[in-house]
Every structure is written in C-alpha cells, then in structure tokens.
Amino acid sequence: MPTNPDTHSTTALRGGQGEPLLLLHGGTSSWHCWDTVAPLLFEHHDVFAPTLPGHAGMIDVPGWPRPYTIAKATDWLEKAMDDAGFETAHIVGNSLGGWLAMELARRGRARSVVALSPAGAWSTTETRVPGIFRAMRRRQRLGAPLLPLVMRVPALRREAMRVVCEHGDRVTAEHAMLAARNALQCTAIEDFPGIIATEYEPYGPLDLPVLIAWSGSDRILPYDRYAPNWRRYAPSATWRTLPDVGHVPMYDDPKLVADTILEWTALATATRAAG
C-alpha cells in the first residue's frame with residue numbers, strides 16, 4: 001500500500017488504499033489519461049497506472065524488444081505488477097489497454113476486468129484503425145505550431161479532439177496539449193499494423209467478472225463494427241454502453257468511468273467473498 005496517497009512520476013501513477021487496481025491506457029496515450037479518474041478511486045483502491053513501453057515517457061525502455069506485440073506488452077505488464085506487489089488486481093483498460101487487460105486475465109492475473117471500448121478481436125485484415133491514428137498524428141504535426149493556441153479555445157479544442165472524445169471542451173487546455181504531445185511522441189504506433197495482424201485465440205468463459213463497456217459515441221472503434229467480434233471472443237462478459245462519451249471516455253465523463261469501475265470491482269469483491 002503506498003504511503004503517499006497520490007504519487008506521480010513521469011512513467012506511472014500510484015496512490016490510494018484498498019484492493020489493488022491496475023489502470024491501462026490506450027494506444028498513443030500515457031498514464032495521464034487517468035488523471036481525473038484516479039483520484040475518485042483512491043478511497044477504495046491501491047491504484048497503479050503505468051505508461052506502456054513505446055509511449056510518451058517510456059520510449060527508450062532498456063531491454064524492450066521491437067517490434068511491439070501484445071505478448072511482449074503483456075509480459076512487461078506482468079513484471080510491472082510483480083514490481084508493484086500485485087499478484088492479482090482488478091484491471092481496467094481502455095482500447096489497447098482493454099485488450100491487454102483481457103490478456104492479463106487469460107494469464108490469471110486479474111480479479112476482475114473492465115474493458116472500455118477494447119481494441120483487439122478484430123479481423124486480421126483490418127486497415128482502418130492504423131490509418132486513423134496516422135491521420136491524427138499527421139494532422140497534429142502539421143498543426144503543431146498552432147496547437148497551443150487551438151487548445152486554449154474550448155470550441156477549437158472540442159473540434160481538435162473529436163476523434164477521441166465528444167466533449168473536448170471539458171478537457172483542460174493543459175491536458176489536451178499533453179494528449180497531443182503523447183500521440184506525436186508514440187513510437188509503438190509504427191507497429192500497430194503488425195499487432196492487428198495477430199491471430200486471435202478466443203477467451204472462452206473466464207472464471208472472473210468481466211465487463212465490456214463500450215463508448216456510445218466511439219468514432220475510432222464504433223460499436224456496430226467492432227463489438228460483435230468481442231461478443232464471440234469473450235462470450236461470458238457482461239456488456240454495457242456508456243452514453244455520450246467517445247473512444248477515451250475518461251476525457252468526457254470521469255465520474256461515469258469511476259462509478260462504472262467502482263460498481264464492478266465492488267461486485268467482484270462481494271462475489272469472491274460469497275465464495
């Protein structure tokens with residue numbers, strides 16, 4: 001249990017007390033995407049939110065092998081959990097982080113899972129998602145000199161962030177700039193086409209509570225296109241739609257995300273206690 005209730009570093013966040021809770025960000029992001037959610041969880045959980053290798057703040061990780069693969073990232077997360085003292089944990093992940101949460105569950109490291117618009121389980125011929133991320137990065141590079149000005153104006157900030165969230169005007173200018181810089185610095189994105197070409201092994205019935213919560217206004221992974229495969233690959237999961245939020249729901253509605261997590265972890269803990 002951390003002695004400091006809110007410990008930040010350039011590579012991770014750790015704080016709170018209670019049952020262990022691992023928070024995993026999506027592709028091109030960092031642990032900072034949980035900035036407004038994590039404090040709402042500290043009263044109930046020992047929260048650990050690392051930045052994944054190949055992402056801003058973790059670009060040059062000693063011993064980290066390229067190309068980026070889900071298996072390597074899951075291996076790294078298991079080591080990170082060990083170092084944090086987490087034999088198992090409630091695991092929450094968004095997008096790429098949701099996929100990794102399910103892989104950790106497959107390896108027996110999860111007490112429960114909340115997957116927020118998880119990546120993965122798509123067709124191995126998928127070409128749309130890498131293109132979206134590359135287009136985002138090209139637009140950010142072209143507009144980099146103007147980004148500080150754009151992000152200071154709520155209406156422009158909302159337009160600039162509309163691919164990842166519905167209400168970019170609710171995000172502070174500081175956090176919006178950080179998200180843009182994270183995307184520009186991410187090197188893992190170069191390996192995303194190879195990650196998508198991964199052959200998937202269905203999860204089958206997992207012996208733990210799994211909630212897949214899809215963003216109702218997801219523009220990167222729209223429900224109608226991507227959720228059906230997840231229903232086949234994780235048939236025992238419970239499903240929920242989060243209203244009026246985009247692909248990164250933490251930006252749009254931190255309280256909704258925190259409430260969803262706490263409801264699910266409390267249910268999982270009660271179920272385990274009941275035996």
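Residues numbered from 1 in each chain as written. Predicted model: local features only at pLDDT ≥ 70, side-chain atom pairs only at ≥ 80, totals over all residues. Heavy atoms only, no water.

Explain the pairing of strand 2 (residues 12-16) to me, please; I cannot follow it from the model alone.
A regular strand places its side chains on the two faces of the sheet in alternate fashion. Taken across its five residues, strand 2 has four buried, putting it largely inside the fold. One ladder, built from five bridges, connects strand 2 with strand 4 (residues 45-50); its direction is antiparallel. When the bridges of strand 4 are listed, arginine 14 appears paired with phenylalanine 48. (Buried < 20%, exposed > 50% of the residue type's maximum accessible area, 1.4 Å probe, protein only. Helix = DSSP H or I, 4+ residues; strand = E, 2+ residues; numbered from the N terminus. Pairing = 2+ DSSP bridges.)

Would you explain the pairing of strand 7 (residues 210-215) in this entry?
Among the six residues of strand 7, six are classified as buried, and the element is accordingly described as predominantly covered. Both faces of strand 7 are covered, namely the face carrying Val210, Ile212 and Trp214 and the face carrying Leu211, Ala213 and Ser215. The pairing of strand 6 (residues 110-116) with strand 7 spans four bridges and is classified as parallel. Along strand 7, the bridge assignment pairs alanine 115 with isoleucine 212. In this sheet, strand 8 (residues 238-242) lies alongside strand 7 in parallel orientation, the contact comprising five bridges. Following the sheet pairing, serine 215 is matched in strand 8 by leucine 242. Between strand 7 and its parallel partner strand 8, the chain crosses via helix 8 (residues 223-233), and the hand of that crossover is right-handed. (Right-handed = clockwise from strand over helix to strand, strands pointing away.)

Sorry, what's going on with the pattern of salt bridges here?
Note that side chains of opposite charge can pair when their charged atoms are close. According to the stated counting rule, one finds 16 salt bridges in the structure shown. Among the salt bridges present, the one from aspartate 191 reaches arginine 66, with a minimum N-O distance of 2.7 Å. One end of the pair, aspartate 191, is in the loop between helix 6 (173-185) and helix 7 (192-196); the other, arginine 66, is in the loop between strand 4 and helix 1 (70-84), with 125 residues separating them in the sequence. The residue arginine 158 makes a salt bridge to aspartate 169 at a minimum N-O spacing of 3.6 Å. One end of the pair, arginine 158, is in helix 5 (residues 154-160); the other, aspartate 169, is in the loop between helix 5 and helix 6, with eleven residues separating them in the sequence. Residue class for arginine 158 comes out partly exposed when judged on its relative accessible area of 36%. For aspartate 169, a relative accessible area of 31% corresponds to the partly exposed category. Three or more residues are tied together by salt bridges with common partners; here these are Asp75, Glu78, Asp82, Arg107 and Arg109. (Salt bridge = Lys/Arg side-chain N within 4 Å of Asp/Glu carboxyl O.)

Where do I start with helix 1 in this structure?
With 15 residues, helix 1 should cover 21 Å at 1.5 Å per step; its first-to-last C-alpha distance of 21 Å lies within 8% of that length. Within the sequence span of helix 1, burial applies to Ile70, Ala73, Thr74, Trp76, Leu77, Glu78, Ala80, Met81 and Ala84. Looking at the buried residues of helix 1, the elements they touch are strand 2, strand 3 (19-24), strand 4, strand 5 (89-94), helix 2 (96-106) and helix 7. Positive backbone phi, approximately 85 degrees, marks glycine 85, located one or two places after helix 1. (Expected span 1.5 Å × (residues − 1). Contact = heavy atoms within 4.5 Å.)

Honestly, unusual backbone geometry in this entry has me stumped. Any pointers?
Backbone phi values are negative for most residues with the exception of glycine, while trans is the configuration of most peptide bonds. With omega at 0 degrees, the peptide bond leading from arginine 66 into proline 67 counts as cis. Tracing the sequence through the fold places proline 67 in the loop between strand 4 and helix 1. Positive phi, close to 75 degrees, is recorded for threonine 28, a residue that is not glycine. Of note, threonine 28 is situated in the loop between strand 3 and strand 4.

Please clarify how empty space enclosed by the protein should be interpreted in this entry.
In this approach a probe as big as a water molecule rolls over the atoms, and the regions it shows empty are the leftover space. If you walk through the whole model with that rule in mind, you get two cavities of 30 Å³ or more. In terms of lining residues, the second largest cavity is bounded by Ser29, Ser30, His32, Cys33, His175, Leu178, Ala179, Asn182 and Tyr251. When residues of the lining of the second largest cavity are assigned to their parent elements, the largest contribution, four residues, is made by helix 6. Here the residues of the lining of the second largest cavity are counted per class, giving four nonpolar, five polar and no charged. (1 Å grid on protein atoms, 1.4 Å probe; cavity = no way out; pocket = protein on both sides within 12 Å on 5 of 7 lines; lining within 4 Å. Points joined across faces, edges and corners; volume = space filled by probe spheres on them. Nonpolar A, V, L, I, M, F, W, Y, C, P; charged D, E, K, R; others polar.)

I keep staring at the packing of helix 1 against helix 2 and nothing clicks. Help me out?
What describes two packed helices is the angle between their axes and the distance between those same axes. Helix 2 packs onto helix 1 with a crossing angle of 70 degrees between their chain directions and a minimal axis gap of 10 Å. The orientation of helix 1 relative to helix 2 falls into the category roughly perpendicular. In this structure, helix 1 uses Ile70, Ala73, Thr74, Leu77, Glu78 and Met81 to contact helix 2, whose residues at the interface are Leu96, Trp99, Leu100, Glu103 and Leu104. Among the residues making up the contact of helix 1 with helix 2, the classes are represented as eight nonpolar, one polar and two charged. (Axes fitted to C-alpha atoms, helices over the stretch in contact; angles between N-to-C directions. Parallel < 35°, antiparallel > 145°, perpendicular 65-115°, else oblique.)

Sorry, what's going on with the environment of phenylalanine 192 here?
Relative to the helices and strands, phenylalanine 192 is located in helix 7. The buried category is assigned to phenylalanine 192, whose relative accessible area is 9%. Each C-alpha atom of the pair phenylalanine 192 and tyrosine 68 lies 7.7 Å from the other, and the pair is 124 residues apart in sequence.

Could you clarify how one ought to interpret the packing of aromatic side chains in this entry?
Pairs of aromatic rings are described using the distance from one ring centre to the other and the angle between the two planes. Enumeration over the complete set of coordinates arrives at six aromatic pairs. With a centroid separation of 5.7 Å and an interplanar angle of 10 degrees, the aromatic rings of tyrosine 203 and tryptophan 230 are classed as stacked. Of the two residues, tyrosine 203 sits in the loop between helix 7 and strand 7 while tryptophan 230 sits in helix 8, which places them 27 residues apart along the sequence. Using a relative accessible area of 10% as the deciding quantity, one classes tyrosine 203 as buried. Using a relative accessible area of 0% as the deciding quantity, one classes tryptophan 230 as buried. Between tryptophan 214 and tryptophan 239, the ring centres sit 5.9 Å apart and the planes meet at 10 degrees, which makes this aromatic pair stacked. A residue pair is termed long-range when its members are at least 10 positions apart, and tryptophan 214 in strand 7 and tryptophan 239 in strand 8 qualify at 25 residues. Of the residues examined, tryptophan 214 reaches a relative accessible area of 0% and is grouped as buried. Linked through ring pairs, Trp214, Tyr223 and Trp239 together constitute an aromatic cluster. (Phe/Tyr/Trp six-rings, centres within 6.5 Å; stacked < 30°, edge-to-face > 60°.)

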